Amino acid sequence: MRIRKAVFPAAGLGTRFLPATKAQPKEMLPLVDKPAIQYVIEEAVASGVETVIIVTGRGKNAIEDHFDVAFELERTLEERGKTEALDEIRRIANLVRVCYVRQKEPLGLGHAVLSARDLVGDEPFAVLLGDDIIESKVPCLKQLMSIYDEHRCSIIAVERIDRTRTKDYGVVGVAPLQSSGKPPAGQGGRESVHEVRDLVEKPEPSEAPSDLAIIGRYILTSGIFEQLESTAPDKWGEIQLTNGLRSLLRKEKIMAYEFEGKRYDTGNKLGFLKATVEFALRREDLGEEFRRYLRCLAL
Ligand code: G1P
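Here we summarise the structure given alongside this text. (Residues numbered from 1 in each chain as written. Predicted model: local features only at pLDDT ≥ 70, side-chain atom pairs only at ≥ 80, totals over all residues. Heavy atoms only, no water.)

### A closer look at the site of the ligand
To be explicit about the condition: It suffices for a single heavy atom of a residue to lie within 4 Å of a molecule or strand for the residue to be listed as near it. Nitrogen and oxygen atoms within 3.5 Å of one another constitute a polar contact, given that in protein one can donate a hydrogen and the other can accept it, and given that sequence-neighbouring residues count only through two side-chain atoms. Note on areas: Shrake-Rupley with a 1.4 Å probe; residue coverage comes only from the protein chains shown. Residues are grouped as follows: Ala, Val, Leu, Ile, Met, Phe, Trp, Tyr, Cys and Pro are nonpolar; Asp, Glu, Lys and Arg are charged; all remaining types, including Gly, are polar.
All residues in the neighbourhood of the ligand are listed as L109, L129, D132, Y169, G170, E201, K202, I214, G216, Q240 and T242. D132 has a polar side-chain atom sitting 3.0 Å from an oxygen atom of the ligand. Between an oxygen atom of the ligand and a side-chain N or O atom of K202, the distance comes to 2.6 Å. In the complex, the protein chains occlude 81% of the 380 Å² of accessible area that the ligand would expose alone. Split into classes, the residues belonging to the shell around the ligand amount to 4 nonpolar, 4 polar and 3 charged.

### Here we look at helix α1 (residues 36-46)
Under the convention used in this document: For each residue, the accessible area found with a 1.4 Å probe, counting protein chains only, is set against the maximum for its type, and the residue is called buried under 20%, exposed over 50%, and partly exposed in between. Under the DSSP-based scheme used, a helix requires at least four consecutive residues in state H or I and a strand at least two consecutive residues in state E, with every element numbered from the N terminus.
Counting buried residues along α1, 9 of its 11 residues qualify, which places the element largely inside the surrounding structure. Looking at α1, one finds that the buried residues are A36, I37, Q38, Y39, V40, I41, E42, E43 and A44. A positive backbone phi angle near 105° is found at G48, which sits one or two residues after α1.

### A look at the pairing of strand β1 (residues 5-9)
Regular strands show a simple pattern: their side chains alternate between the two faces of the sheet. Counting buried residues in β1 gives 5 out of 5 residues, a clear majority hidden from the surface. Side chains K5, V7 and P9 project from β1 onto one buried face, and the interleaved A6 and F8 project onto a second face that is buried too.

Now the structure itself:
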């Protein structure tokens, strides 16, 4: 079955970006001039997703407005002959079919995914987390879809991290590689697809089952919903997706995939700044002048 639907959890409070996020959703913070969530939704659309399900909460109306028709703005741009801006504004409203569901309480990522159950139904679906923006030749979600086509089970995007940073991520334990005789497919000549044996949410480095961290791209079978229903909240009262996946692993195979591309963790300030600078440098209209400006800073 094809992956037609993608869930975007966007109900978080964005406390890491206060005060900017006091009165606006963190998903709407712009990297250069495009809201962070638009980059991720464009990745889903470029991967072939037909329906996007955004899980929102209080104070997130700006997200709905962003992906909606802005009649007055369009009329004004039309009157002023600003056709380029007008085309872009219209393109965003026509990008993809978007549905919204409210997560009434911030009870964790697993709970956010569970909120989308009725809209997803009984089919495999994607989950994309807006903090991770991935630049790659083939969109990251599309890479996961190819792995899904081959294995027909839940697929989690992972990246090797420095062992000292396991407390920031879900970490997977994987089966030792069996030499298949086939040439290795992954980056740097390593095998990039692994069978998951364990998943631990934000472990201490000493307790981490590997250095493979979960990145915000998943393809999940609908079996995850039943597991999330019975997943106990953690010590902060949150239902973790990682813990739901750990239960799912007792029933179904799960694969981890080391994606190809560069990830920007825009969920923290430094990552956000790095992405902003690099994206600005790549822009045709800004890049050259911005590069000149950076060069003349006394760094
Ligand atoms: C979430 C997940 C975690 C994953 C991370 C990726 O954590 O719970 O397993 O590694 O996203 O960005 P969060 O960053 O929301 O704390």
